[in-house]
Amino acid sequence: MEKFMRLASLVPLVLVLLCFPVAYSGHDYGQALSKSILFFEAQRSGYLPHTQRVNWRADSGLNDGKASGVDLVGGYYDAGDNVKFGLPMAFTVTMMSWSIIEYGKQMAANGELGHAMDAVKWGTDYFIKAHPQPYVLYGEVGDGNSDHYCWQRPEDMTTDRRAYKIDPSNPGSDLAGETAAAMAAASIVFRRSNPAYSSELLRHAHQLFDFADKYRGKYDSSITVAQKYYRSISGYYDELLWAAAWLYQATNNQYYLSYIGNNADSMGGTGWSMTEFGWDVKYAGVQTLVSKFLMQGKAGRYAPVFERYQQKAEYFMCGCIGKGSKNVQKTPGGLIFRQRWNNLQFVTSASFLTTVYSDYLSSSGKYLKCDSGTVPPSQLLSFAKSQVDYILGDNPRATSYMVGYGNNYPRQVHHRGSSIVSYKVNPKFVACREGYATWFSRKGSDPNLLTGAIVGGPDAYDNFADERDNYEQTEPATYNNAPLLGILARLSGGHGGYNQLLPEIVPAPKVTPQKPAPKAVNPQKPAPQPKTRPQTPASSGPISIQQKMTSSWIANDRTYYRYSVVVTNKSTKNLKFIKLSILKLYGPIWGLTKTGDFYTLPSWLNNLPAGKSLEFVYIHSASPADVAVSSYTLF
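The rules behind each value
- Along each chain, the written sequence defines residue order, and numbers are assigned to residues from 1.
- Only residues with pLDDT of at least 70 are given local features in this predicted model, and only at 80 or more are side-chain atom pairs given and counted; all residues enter the totals for whole chains, interfaces and linings.
- As a rule here, side-chain values cover all heavy atoms of the structure and leave hydrogens and water aside.
- UniProt positions are given in the numbering used here, feature names are shortened, and annotations may be inferred rather than shown by experiment.
- Every helix listed is a DSSP run of H or I at least four residues long, and every strand listed is a run of E at least two residues long, numbered separately from the N terminus.
- For every residue, the accessible area (1.4 Å probe, protein chains only) is compared with the maximum for its type, and the residue is labelled buried under 20%, exposed over 50%, or partly exposed between those bounds.
- In what follows, residue pairs with any heavy atoms lying within 4.5 Å of each other are defined as contacts.
- Positive charges are assigned to Lys and Arg, negative charges to Asp and Glu, while His and the chain termini are left out of the count.
- For the purpose of locating charges, the reference atoms are NZ of Lys, CZ of Arg, CG of Asp and CD of Glu.
- Salt-bridge detection follows one rule: a side-chain nitrogen of Lys or Arg within 4 Å of a carboxyl oxygen of Asp or Glu.
- A cavity here means a set of points on a 1 Å grid, drawn over the protein atoms and nothing else, where a 1.4 Å probe fits but cannot get out; a pocket is an open set with protein on both sides within 12 Å along at least five of seven lines, and a residue lines either one if it has an atom within 4 Å of a point.
- Grid points are joined across faces, edges and corners, and a volume is the space filled by probe spheres set on the points.
- Residue polarity follows a fixed list, in which Ala, Val, Leu, Ile, Met, Phe, Trp, Tyr, Cys and Pro are nonpolar, Asp, Glu, Lys and Arg are charged, and the others, Gly among them, are polar.
- Where each domain begins and ends follows an automated or database-derived domain assignment.
- Two parts placed together each lose some accessible area; with a 1.4 Å probe, that loss summed over both constitutes the buried area.
- Note that a disulfide, as used here, is simply two cysteine sulfur atoms within 2.5 Å.
- Any two strands are treated as partners once DSSP identifies two or more bridges connecting them.
- Axes, fitted as lines to C-alpha atoms, cover a helix only where it is in contact. Angles between the N-to-C directions of the axes lie from 0 to 180 degrees.

Per an unreviewed UniProt entry, the recorded name for the chain is Endoglucanase, and the organism is Trema orientale. The UniProt entry for the chain carries the following comment under Sequence similarities (unreviewed entry): "Belongs to the glycosyl hydrolase 9 (cellulase E) family." Taken verbatim from the UniProt record of the chain, the Subcellular location (unreviewed entry) comment is "Secreted".

Novice: Even after reading the chapter, I still don't get the overall build of the chain, so can you show me in this structure?
Specialist: When you go through the chain residue by residue, the secondary structure sums to 17 helices and 14 strands. If one aligns the C-alpha atoms of the chain with their principal axes, the spans along those axes are about 75 × 65 × 50 Å. Buried positions account for 62% of the 635 residues belonging to the chain. For the chain, the share of sequence-separated contacts (at least 6 apart) that also reach a separation of at least 24 residues comes to 75%. Where the 63 positive side-chain charges of the chain centre and where its 50 negative ones centre are 7 Å apart.

Novice: Got a minute to help me understand the side chain of R44 in this structure?
Specialist: Tracing the chain through its elements places R44 in the loop between α1 (29-42) and β1 (84-85). Buried charged residue R44 carries no salt bridge. Nearest counter-charge: E41, at 4.1 Å. Sequence-distant contacts of R44, defined by excluding residues within four places in its chain, comprise P49, Q52, R57, S60, G75, Y76, Y77, D118 and W122.

Novice: I tried to follow empty space enclosed by the protein on my own but got confused; where do I start?
Specialist: Under the defined criterion, the tally for this structure stands at five cavities of 30 Å³ or more. Approximately 60 Å³ is the volume found for the largest cavity. Around the largest cavity, the lining is made up of 10 residues, and of these T275, E276, I336, F346 and A350 lie nearest the centre. Residues that form the lining of the largest cavity fall into these classes: seven nonpolar, one polar and two charged. When its volume is computed, the second largest cavity comes out at roughly 50 Å³. What lines the second largest cavity is simply A42, Q43, R57, Y77, A79, G80, D81, N82, P154, H415, R416 and G417. Here the residues of the lining of the second largest cavity sort into four nonpolar, five polar and three charged.

Novice: I keep staring at the domain arrangement of the chain and nothing clicks. Help me out?
Specialist: As a measure of interface size, the accessible area lost when the parts come together is often cited. Structurally, the chain comprises domain 1 (42-232), domain 2 (233-302) and domain 3 (543-634). Between the C-alpha centres of domain 1 and domain 2 the distance comes to 22 Å. At the interface, 32 residues of domain 1 touch 28 residues of domain 2. Where domain 1 abuts domain 2, roughly 2,400 Å² becomes buried across the two surfaces, and 74% of that area is made up of carbon and sulfur atoms. Looking at the side of domain 1 facing domain 2, the largest losses of area belong to F91, W98 and F209, adding up to 26% of the total buried there.

Novice: Looking at this model, I keep getting lost on the state of the cysteines. Mind explaining?
Specialist: Enumeration according to the criterion identifies two disulfides in this entry. The disulfide bridge from C150 ends at C432, spanning 1.8 Å between sulfur atoms. Handedness of the C150-C432 disulfide follows from its S-S torsion of about -90°: it is left-handed. Here C432 lies in helix α15 (residues 432-440) and C150 lies in the loop between α4 (144-149) and β3 (163-166), a separation of 282 residues in the sequence. Each sulfur in the disulfide pair C318 and C370 lies 2.0 Å from the other. Handedness here is read from the sign of the S-S torsion; for C318 and C370, about -90°, the answer is left-handed. Of this pair, C318 sits in helix α11 (residues 303-320) while C370 sits in strand β4 (residues 368-370), placing them 52 residues apart in sequence. Here the two residues C318 and C370 agree in accessibility, since each one is buried. Cysteines bonded in the chain are numbered consecutively along the chain; their disulfide partners then correspond to 1-4, 2-3.

Novice: Please explain the sheet that holds strand β2 (residues 137-141) as it appears in this structure.
Specialist: Paired through their backbone hydrogen bonds, the strands of a sheet run either parallel or antiparallel. With antiparallel pairing, the three strands of this open sheet are ordered in space as β1-β2-β3. Bordering the open sheet on either side are β1 and β3, each of which pairs with just one other strand. Pairing geometry for β2 and β3, over four bridges, is antiparallel. Across the sheet, E140 pairs through a bridge with Y164, a residue of β3. In this fold helix α5 (residues 173-189) packs onto β2 and β3, with an angle of close to 100° to the strand it touches most, β2.

Novice: Could you clarify how one ought to interpret the pairing of β2 in this entry?
Specialist: Strand residues, when the strand is regular, have side chains that alternate between the two faces of the sheet. Burial within β2 is extensive, with five of its five residues counted as buried. Both β1 and β2 contribute to a ladder of two bridges, which runs antiparallel. Paired with F85 across the strands is E140, a residue of β2.

Here is the structure:
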């Protein structure tokens, strides 16, 4: 959390020519991805689901919004405290969604797509509650001043949980705009797996953008308690352009295309040359996203304007890799350095933009244009990799700044929940000041491991002190992790082909990996068996799915395959209802009931008891279909 007004300005940093870190041994990016997603479960507020994997946490904030007559239970705590700040939470959800949109296939290959989508939905479910009327949005629950006076587990909170909102009389275009961007981006994430939910998110996004644009003003002028922590220094023009860009990406509605084009100059989209991207300043993100539209051929008559957006995007990219007119500052070890307070938030955000822009350029067959000359896209990806490798331990201190990754990582994290014994281990109430006396001042390791958290990180000289009261360096934040999801998924995917300019198609979550399509066969020979390998069951929490090919034959010179799919209820409760998504099915299916675009339990089966399995079969002349759990109900 930003505990005092940030002093960062919008003026680009001066050039500091320093070397990149030397090469070290490779990292397990897949493992780092899994851990970085897990961190979001530790930040959850509200009623925790039965699928909760961070088991040292318990329910918290169960009366949020009650005094205001609205249900605001849920959402995320932003950092090491117990306040729910709407602006950084919305940015977090936008960046998680962007990560999934670009690299969902790689997340699926790692078995993490479902968890990533769950993390997004935890945020968007809360935003739906926080937006009860078209021109009303709740932007904060809790008060930073009283919260910082106490060191308590979320489960013990005794601090003020007042809810703060924006409305036409008290506008907040930056807050409403960022939340609109989050809802629009998330609508793309859920378009295939949950179309009704996707439509609901889009409806909120349209309303929130209209609210932001029609009633203009800075949110921290209306929610003044946020000024010491998340002050909107950049104003709200960047969020208006950001929201319009995401709504155009989600809808292809020409209104939003025109908005981006017509307001490019007046709102600074083609004016600001940036070396910073984060929860406050969105211009570099806007410029990158608009550059994608241009390379996709979606700019229409605004192509000349979008080219100027792209010039600014490339200013940012060139500055990151040290080939621009004004380059970002770096530590002696090669890490981007923007400010001493939670510097890694800027590292992960900038690295995400260079990663996606590298793939945009590669997809279009173009090079980056810098002051020093043309640069191949691979240099942008190499730069992002160098920053991630530094975070994971390739640095002068050989310290991993992701908690729980590697052997040498922060043990005294500035985080209330992880630093106090778990409520489930000892439910004895921890009073407000008692927490400081008993737990905050301890010099030992945290009793609960905050797996996957990206802490604030080292200073300008690569120094770091692992001390709980060193909040500038040891406090984590959700917006540190969110951009990292996409980079880690990209790096874990290796050097396979990428075309980021194709239409966004997020794969269905938790799907059994596809096998190559069978080759044509000679009808005189026995039907070949597709090469298979043991499959890891796909699952959605307590529901597992495992399918295999059981037989094959040839008819009319075509090879057909019979596939068996076993759905197992691994929970301790009865499965009352399940909705399955089955894609790439080209033949008949037996053992399920089709309802619209989904499949449910057969009509003769009222429920699936705990520990029991259901088998269904299908036949077609292709590789296995994509089978995934869309939703389910246990009782």
